[in-house]
Amino acid sequence: MARLTLQNIYKRYEDGPKNFLKKPVKLNDYAVKDLSFACSDRSFIGILGPSGCGKSTTLRMIAGLEKITQGKMFIDDVCINDLLPKDRHIGLAFEDYALYPPLSVYENLAFNLKAKGLPVSDIKKAIDRVAPLLKVDELLTMKPSALSGGQKQRVNIARAIIRQPGLLLLDEPLSHLDGKMRQTLRQEIKRMHREIECTTIIVTHDQIEAMSIADTIIIMKDGELQQIGTPLEVYDDPVSEFVAGFIGEPPMNLLRSVIVKTQGGFFFTFTGSDLQVKVPERYNSVVFDGMKLTLGVRPVDVLITDKASSTPVPVAIYENFGDERRVSIRVGGDHLNLTTVAEVFYRRGDIIHLEFNSEKTHLFNAETSVAIK
Ligand code: ADP
Ligand code: MG
């Protein structure tokens, strides 16, 4: 059990904190910049962001494998900045499951406990407890070379939790696995988390993984925090175009728009397109005639309607995925994608009418990309 707090954490590789104080450096020298967040006891946190955004660096600093350039980290109320990794009571599983090849799964699991001098009977008890949680109880006599990627990863995670850590850190644990295996192991990690009640942080670049597994999502970009929230909050209420475009598959449509005021109220218009979309009334106090902004709407929230009152638009691309259909329409220089489960069939050039779910539209500042409330 553990609470984790990061306070204004910076990480710069190469130079240490002394140099940092002496000479000002460009912000992009930092792998992690001014990162603050807190994980409550037993929570399941997903750190999500594109490759290179500083996720692993953050995790390695929490584990004590990388020095913190600036800022403070706490487990419960203890500052851990100078605590050795072994004193942090942390379990680690990274993507490259470094199992000892000559040792059996049982011996791999037992390794650290043996090194600590635990009696054989206690080691057996620990393995009997952990092995079924990750379904490795059938594999105990096997060598790593005989295991599939998914099995190795299970052993890797089992080894991380065997010492009953307060904090479990998983860095892209599913990235080497194929689609079906990922989904199975994802569900098992979630179940395991419920059973061992250990504060867990999973790092991933895969938004579906983070959204389905964690109860709090931390989204990072270029070493900086973008948003913290529940999966629903970051999906429904993204703070920026970046978050809006990163969460959701297919991603949110982001259309460059100019507001036009008519007698009938405000409309979104799009350079190079006849499409006009009524601005939901809740935005009437923040928009004005001629305002440039980005309109965000998810593909599921663009509906095909038979209301001929909306602008007719030609279908550019139609794809049938069996369980859903995707339609793409050109809107000036942008593409507008919609998904529907309705059994509709179109050809390129067919004319359709669209309606946007006005409850689910988002506005973003055209220059800063920040959400307009
Ligand atoms: P992520 O895990 O999100 O893909 P990383 O934390 O691995 O990102 O990397 C963040 C940034 O720090 C990247 O620009 C990367 O090149 C840099 N970086 C990572 N590890 C090192 C290192 N050991 N030495 C120098 N730069 C590093
Ligand atoms: Mg990484």
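**Focus: the side chain of T269**
Line of reasoning, step 1. Secondary-structure assignment places T269 in strand β12 (residues 265-269).
Line of reasoning, step 2. The exposure class of T269 is buried, given its relative accessible area of 14%.
Line of reasoning, step 3. Polar side-chain contacts of T269 include one of 2.7 Å to the backbone oxygen of V258.
Line of reasoning, step 4. Once residues within four sequence positions are removed from consideration, T269 is found in contact with R256, S257, V258, V260, L275 and Q276.

**Notes on the site of ligand 1**
Line of reasoning, step 1. Taken together, the neighbourhood of ligand 1 is formed by Y13, A31, P50, S51, G52, C53, G54, K55, S56, T57 and R60.
Line of reasoning, step 2. Residue G52 places a main-chain N or O atom 2.6 Å away from an oxygen atom belonging to ligand 1.
Line of reasoning, step 3. Between ligand 1 and T57, the relevant distance is 2.5 Å, taken from an oxygen atom to a side-chain nitrogen or oxygen of the residue.
Line of reasoning, step 4. Its residues placed into classes, the shell around ligand 1 shows 4 nonpolar, 5 polar and 2 charged.

**Re the pairing of strand β17 (residues 317-320)**
Line of reasoning, step 1. Taken together, the 4 bridges between β17 and strand β18 (residues 325-331) define a ladder with antiparallel strand orientation. Across the sheet, the residue bridging to I317 is S328, located in β18.

**Description of the pattern of salt bridges**
Line of reasoning, step 1. Under the criterion given, the structure shown has 17 salt bridges.
Line of reasoning, step 2. Among the salt bridges present, the one from R191 reaches E195, with a minimum N-O distance of 3.9 Å. With R191 and E195 both in helix α6 (residues 179-196) and 4 residues apart, the pair spans about one turn of that helix.
Line of reasoning, step 3. Assessed through its relative accessible area of 48%, E195 is described here as partly exposed.

**A look at the side chain of T361**
Line of reasoning, step 1. Locating T361 in the fold gives a position in strand β21 (residues 361-365).
Line of reasoning, step 2. Classification of T361 by relative accessible area gives buried; the value is 4%.
Line of reasoning, step 3. If we ignore the near neighbours within four places in the chain, the residues touching T361 are P280, R282, Y283, L295, G296, V297 and F356.

**With respect to the sheet that holds strand β11 (residues 253-262)**
Line of reasoning, step 1. The sheet built from 6 strands is open, its strands ordered β13-β12-β11-β14-β21-β22 with antiparallel pairing. This sheet does not close on itself; its edge strands, each paired only once, are β13 (276-278) and β22 (371-372).
Line of reasoning, step 2. The pairing of β12 with β13 spans 3 bridges and is classified as antiparallel. Across the sheet, F268 pairs through a bridge with V277, a residue of β13.

**Topic: the packing of helix α5 (residues 149-161) against α6**
Line of reasoning, step 1. Contact pair α5 / α6: the axes reach a minimum separation of 11 Å and the direction vectors enclose 15 degrees. On the basis of their axis angle, the class for α5 and α6 is roughly parallel. Note on packing geometry: the crossing formed by α5 with α6 is right-handed. Note on element contacts: α6 touches α5 through M181, T184, L185, E188, I189, M192 and I196, opposite G150, Q153, R154, I157 and I161.
Line of reasoning, step 2. Its residues assigned to classes, the contact of α5 with α6 comprises 7 nonpolar, 3 polar and 2 charged.

**Concerning the environment of V327**
Line of reasoning, step 1. Along the chain, V327 turns up in strand β18.
Line of reasoning, step 2. V327 sits in the buried class, given a relative accessible area of 1%.
Line of reasoning, step 3. Sequence spacing of V327 and V315 is 12 residues, and the spatial spacing of their C-alpha atoms is 6.8 Å.
Line of reasoning, step 4. Not counting the four nearest positions on each side in its chain, V327 is found in contact with I304, V315, I317, Y318, L336, N337, L338, Y346 and I352.

**Concerning the sheet that holds strand β3 (residues 44-48)**
Line of reasoning, step 1. Taken together, 6 strands build an open sheet; the order of strands is β6-β7-β8-β3-β9-β10 and the sheet is mixed. Each end of this open sheet is capped by a strand with a single partner; those strands are β6 (90-93) and β10 (224-229). Across the sheet, the mean angle separating the axes of adjacent strands is 15 degrees when strand polarity is ignored.
Line of reasoning, step 2. In this sheet, strand β7 (residues 167-171) lies alongside β6 in parallel orientation, the contact comprising 4 bridges. Paired with I90 across the strands is L167, a residue of β7.
Line of reasoning, step 3. Strands β3, β7 and β8 (199-204) of the sheet are contacted by α6, whose axis makes an angle of about 140 degrees with β3.

**Things to note about helix α3 (residues 105-115)**
Because the α-helix completes a turn every 3.6 residues, residues three or four places apart line up on one side.
Line of reasoning, step 1. Buried within α3 we find V105, N108, L109, A110 and L113.
Line of reasoning, step 2. Contact partners of the buried residues in α3: α4 (120-133) and α5.
Line of reasoning, step 3. Taken from the residues just after α3, G117 is the one with a positive phi, measuring 85 degrees.

**Some details on helix α2 (residues 55-63)**
Line of reasoning, step 1. Of all the 9 residues making up α2, 7 are buried; the element is thus mostly covered by neighbouring parts of the structure.
Line of reasoning, step 2. All buried positions along α2 are accounted for by K55, T57, T58, L59, M61, I62 and A63.
Line of reasoning, step 3. Looking one or two residues beyond α2, the residue adopting positive phi is G64, at roughly 90 degrees.

What counts, and at which threshold
Residues numbered from 1 in each chain as written. Chains lettered and ligands numbered in written order. Predicted model: local features only at pLDDT ≥ 70, side-chain atom pairs only at ≥ 80, totals over all residues. Heavy atoms only, no water. Helix = DSSP H or I, 4+ residues; strand = E, 2+ residues; numbered from the N terminus. Buried < 20%, exposed > 50% of the residue type's maximum accessible area, 1.4 Å probe, protein only. Polar contact = N/O pair within 3.5 Å; in protein donor to acceptor, adjacent residues only side chain to side chain. Contact = heavy atoms within 4.5 Å. Near = heavy atom within 4 Å. Nonpolar A, V, L, I, M, F, W, Y, C, P; charged D, E, K, R; others polar. Pairing = 2+ DSSP bridges. Salt bridge = Lys/Arg side-chain N within 4 Å of Asp/Glu carboxyl O. Axes fitted to C-alpha atoms, helices over the stretch in contact; angles between N-to-C directions. Parallel < 35°, antiparallel > 145°, perpendicular 65-115°, else oblique. Left-handed = near helix turned anticlockwise from the far one by under 90°.

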